[in-house]
Amino acid sequence: MDFKMEHPASRNIIRSPIMLRWLLIAFQLTALCASLGGPLRPKLKPVDPDKLSESERKKASELFQQLKLHADNPTERTKIIRQIAEIGRASAKKMFELLDRQLQPLWNDYRKLFTSAAKKVAASKSTGSARQEILKLEQEVRSLRELGDRLTKAQIQQTGDPALERLKQLKFLTLKEILAVNPALEKKRVEMIEFGKQRSLCISQLLLLEDEARPFGLEQIIAFEEQTAQSALGMPGDYLATLRYNTKLATTLPFAEVEAIRDMNRYRMLIGLAPCVIDPRLCKAARDHSRDMHEKDFFSHTSPVPGKKTPWIRAKLEGTTAKAENIYSGNEKGHAANRAWWYSPGHHRNMLSPSNRRVGMGVHSKDWTQMFGN
């Protein structure tokens, strides 16, 4: 057999019987690799992401020992737990399981102490004269809305502001008042907040979903504290039911929007109106309008975007209905938007309408939209 190559210098080598034999073997191996779907490779043992190397185990062990030395320093513990979680899945998993075992008794203890303290503060405020003053002040503020188009910002400032501030003192328990009852509460609260951060570090490393690890952090702590404070003062059962429902929905919405709705409902409850139920579809419609205003550079209830001209159309696109809309621009915080609407007569009447049953708030950058439904 005579193999001919283009380069003349290679002819003598190719004609060598030994080289011909090796070439044939190479061709056969190439054909075999092709039939197997790829090149021949040594069998590699797969790396187990849930196992640590010797050096990683040593580092994790040292950090776990450091945790014991900082049992009374939640902030320092958070720093150490961050390092543990970053070593690998195995160390993050061990840390998460340890934190989860410790969470429930700590959380139960905090809730028990907080509830007891809230009841003590509420008892000191629940007097006959206080109830009479509350009814009088509520009526003063609600009567502002009845002025209709004659309502002015000056009237809201002169009558509404002093009444609202006094109602806050009479109707709501502040966190400061409750924590002052028991000196141990504030320390436990800091510990719980850091505990939430520590769990989140592990959850992020493990890429756990909500159904695999229940959320716990500042948002859940605040929601419990507000509901407990409101319940301690004897808030109507239907109000509490609405607030509990809103808390459940809160995990599906941006935190800024949830906080803005919670703040708006405080205005309503302060003057004796029922809180509004969150309508996620109105939130979506509101959020989209805020984004459109920001991106299209306009500020109006009437949208230039085709198919989104009015609030009612925008609500319908999301499968719901709306009866009123407020818009605001200038601050990314929801409480700033609510405060601006409180002082604006038309928006004031919208926000504090007794017929409102549903609400949605949406933000994009510093643009806010608030929508109400029956």
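Please refer to the structure placed before this passage.
Before going into details, it helps to say that this report is about the structure given with it. The residue count restarts for each chain, going from 1 along the sequence in the order it is written. Residues qualify for local features only when their pLDDT is at least 70, as the model is predicted, and side-chain atom pairs are given and counted only at 80 or more; totals for whole chains, interfaces and linings, by contrast, use all residues. Excluding hydrogens and water, the side-chain figures rest on all heavy atoms present in the structure.

### Structural notes on the overall build of the protein chain
As a reminder of what qualifies: In this text, helices come from DSSP runs of H or I with a minimum length of four residues, and strands from runs of E with a minimum of two, each type numbered from the N-terminal end. With a 1.4 Å probe rolled over the protein chains alone, any residue whose accessible area is under 20% of its type maximum counts as buried; one over 50% counts as exposed, and the rest are partly exposed. Any two residues whose heavy atoms approach within 4.5 Å are treated as being in contact. Calculation of accessible area relied on Shrake-Rupley with a 1.4 Å probe; when residues are assessed, cover is drawn exclusively from the protein chains displayed.
Within the protein chain, the secondary structure is distributed over 16 helices and 4 strands. A buried classification covers 41% of the 374 residues belonging to the protein chain. A separation of at least 24 residues holds for 72% of the contacts in the protein chain among residues at least 6 apart in sequence. With the model as given, the accessible surface of the protein chain reaches about 21300 Å², and the carbon-plus-sulfur share is 56%.

### Description of the packing of helix α7 (residues 153-171) against helix α15 (residues 334-343)
Threshold: Working convention: axes come from line fits to C-alpha atoms, limited for helices to the stretch in contact. Angles between N-to-C directions cover 0 to 180 degrees. Roughly parallel covers angles under 35 degrees, roughly antiparallel covers those over 145, roughly perpendicular covers 65 to 115, and oblique covers all other angles. Three categories are distinguished: nonpolar for Ala, Val, Leu, Ile, Met, Phe, Trp, Tyr, Cys and Pro, charged for Asp, Glu, Lys and Arg, and polar for the others, with Gly belonging to the last.
Look at α7 against α15: their axes get within 9 Å of each other, and the N-to-C directions meet at 120°. As far as their axial angle goes, α15 and α7 are oblique. Every residue of α15 that contacts α7 at Lys153, Ile156, Gln157, Gly160, Asp161 and Leu164 is listed here: Arg339, Trp342 and Tyr343. Residues belonging to the contact of α7 with α15 are distributed by class as follows: 4 nonpolar, 2 polar and 3 charged.

### Considerations on the side chain of aspartate 288
Convention followed: Side-chain atoms alone can form a polar contact between residues adjacent in sequence; in general such a contact is a pair of N or O atoms within 3.5 Å, and within protein one must be able to donate a hydrogen while the other accepts it.
Its location among the elements puts aspartate 288 in helix α13 (residues 280-296). Engagement of the side chain of aspartate 288 in a polar contact is seen with the side chain of arginine 291, the distance being 2.8 Å. Excluding its chain neighbours within four sequence positions, the residues that come into contact with aspartate 288 are Lys308 and Glu318.

### Focus: the sheet that holds strand β1 (residues 277-278)
Cut-off, in case you're wondering: When DSSP finds at least two bridges between two strands, those strands are taken to pair.
On the basis of which strands lie adjacent, the open sheet formed by 4 strands has the order β1-β3-β4-β2 and mixed pairing. Every interior strand has two partners, whereas the edge strands, β1 and β2 (324-329), have only one. In terms of strand pairing, β2 meets strand β4 (residues 367-373) through 6 bridges, oriented antiparallel. Opposite serine 329, over in β4, you have aspartate 367 as the bridge partner. Across the sheet, helix α12 (residues 255-270) is in contact with β1, β3 (358-364) and β4; its angle to β3 comes to roughly 135°. Where α13 meets the sheet, its contacts fall on β1, β2, β3 and β4, and the angle it forms with β3 comes to roughly 30°.

### Details of α13
What counts, and what does not: Under the convention used throughout, the expected extent of a helix is 1.5 Å for every residue step, that is, one less than its residue count.
A rise of 1.5 Å per residue sets the reference length of α13, with its 17 residues, at 24 Å; its end C-alpha atoms lie 24 Å apart and thus fit the reference within 8%. Restricting attention to buried positions, one finds in α13 the residues Leu282, Cys283, Ala285, Ala286, Arg287, Asp288, His289, Ser290, Asp292 and Met293. Along its buried surface, α13 packs onto α12, β1, α14 (311-317), β2, β3 and β4. Its side-chain oxygen at 3.0 Å from the backbone nitrogen of arginine 281, aspartate 279 defines the N-terminal cap of α13. At the exit of α13 stands aspartate 297, carrying a positive phi of roughly 60°.

### Observations concerning the packing of aromatic side chains
Rule in force here: Stacked, tilted and edge-to-face are the three classes assigned to paired rings of Phe, Tyr and Trp, where Trp is represented by its six-membered ring and a pair needs centres within 6.5 Å; plane angles under 30 degrees give stacked, over 60 edge-to-face, the rest tilted.
What the rule picks out here adds up to 7 aromatic pairs. An angle of 55° between the planes, with centres 5.6 Å apart, marks the rings of phenylalanine 114 and phenylalanine 224 as tilted. Placement of the pair is phenylalanine 114 in helix α5 (residues 89-125) and phenylalanine 224 in helix α10 (residues 218-232), with a sequence separation of 110 residues. For the pair shown, phenylalanine 114 and phenylalanine 224 are each scored as buried. Summarising the aromatic geometry, the rings of tyrosine 267 and tryptophan 342 are spaced 5.5 Å apart at their centres and angled 35° between planes, so their arrangement reads as tilted.

### Here we look at the packing of α7 against α12
The contact between α7 and α12 brings their axes to 10 Å, and the two run at 90°. Judged by the angle between their axes, α7 and α12 are roughly perpendicular. Of the residues in α12, those in contact with Leu164, Leu167, Lys168 and Lys171 of α7 are Tyr267, Met269 and Leu270. Looking at side-chain class alone, the contact of α7 with α12 contains 5 nonpolar, no polar and 2 charged residues.

### A word on unusual backbone geometry
Of note, the phi angle at aspartate 297 is positive, near 60°, even though the residue is not glycine. Checked against the element boundaries, aspartate 297 lands in the loop between α13 and α14.

### What about the pattern of salt bridges?
Operational definition: A pairing counts as a salt bridge when a side-chain nitrogen of Lys or Arg comes within 4 Å of a carboxyl oxygen of Asp or Glu.
A complete count under the given rule lists 23 salt bridges for this structure. Here glutamate 138 and lysine 171 are joined by a salt bridge, their closest N and O atoms 2.6 Å apart. Highlighted residues: glutamate 138 in helix α6 (residues 128-145) and lysine 171 in helix α7, separated in sequence by 33 residues. Taking relative accessible area as the criterion, lysine 171 reaches 18% and is therefore assigned buried. Lysine 284 is paired through a salt bridge with glutamate 318; the nearest N and O atoms lie 3.5 Å apart. Placement of the pair is lysine 284 in helix α13 and glutamate 318 in the loop between α14 and β2, with a sequence separation of 34 residues. With relative accessibility at 25%, the residue glutamate 318 sits in the partly exposed group. Through salt bridges with shared partners, a single ionic network connects Lys284, Asp288, Arg291 and Glu318.

Functional significance is not addressed by these values, which are geometric in nature.
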